[in-house]
Amino acid sequence: APVEAVRSVDISRVLQEYAPMAGAYEALRAKFQPQGDRLRKEADAIKAEKGQIGQLVRASEEFAQRNFQLQIREKTLEEELNFWTDTQRRQTETLLDGSVRKIHSACVEYGQRTGVSAMVMRPGPLPDADPRSALRGLESRWVIWANPDHDVTEAILGILREQG
């Protein structure tokens, strides 16, 4: 019986090299950059204020007022950070879902054009880590290794470019 053809695709590479996808991720990052910068500045200001308050007499009214205001700022910062983190996470997931669907569509088209029997995600290199982490990394993969000669990432990028 003939050996069925299996090909692999480096999804990370497609996300990085297909300009519309890479641009969309960069635009999303840039969209949230100002909020991140503002929240980091506020965290730094709160830290500085804590240092100033720490020098006050704890039983003083000034300490009580400034400490109360600082607690409000800290709670507000925490809530804002949670809001922006959750918003960015949801938008990233939506973008990733659309990207994966486009990549899947390109893989289906490639498979129909060439008659391959299956396509798998090409596994990246194992991170430099302790042996247990490396083992966990292997255990979480569906494909442990893929022959680079069967990598069709470039063809998938070409189809995505054709599809616009």
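Residues numbered from 1 in each chain as written. Predicted model: local features only at pLDDT ≥ 70, side-chain atom pairs only at ≥ 80, totals over all residues. Heavy atoms only, no water.

K.L.:
Can you walk me through helix α2 (residues 19-53) in this structure?
P.N.:
Each α-helix winds once per 3.6 residues, and so residues spaced three or four apart point in a common direction. For α2, built from 35 residues, the straight-helix expectation of 51 Å at 1.5 Å per residue is met to within 8% by its first-to-last C-alpha distance of 50 Å. Listed in full, the buried residues belonging to α2 are Met21, Leu28, Phe32, Gln35, Gly36, Leu39, Ile46, Glu49 and Ile53. Tucked into the core, α2 has its buried residues touching α1 (11-17), α3 (61-114) and α5 (153-163). (Helix = DSSP H or I, 4+ residues; strand = E, 2+ residues; numbered from the N terminus. Expected span 1.5 Å × (residues − 1). Buried < 20%, exposed > 50% of the residue type's maximum accessible area, 1.4 Å probe, protein only. Contact = heavy atoms within 4.5 Å.)

K.L.:
Looking at this model, I keep getting lost on the packing of aromatic side chains. Mind explaining?
P.N.:
Each pair of aromatic rings is reported with the distance of its centres and the angle of its planes. Under the criterion given, the structure shown has two aromatic pairs. Centroid distance phenylalanine 83 to tryptophan 84: 4.9 Å. Interplanar angle 75°. Geometry classified as edge-to-face. Judged by relative accessible area, phenylalanine 83 falls into the partly exposed class, the value being 47%. Tryptophan 84 gets classed as partly exposed once you look at its relative accessible area, which sits at 23%. Put simply, the rings of Phe32, Phe83 and Trp84 pair up and form one aromatic cluster. (Phe/Tyr/Trp six-rings, centres within 6.5 Å; stacked < 30°, edge-to-face > 60°.)

Don't take any of this as a statement about function, it's just geometry.
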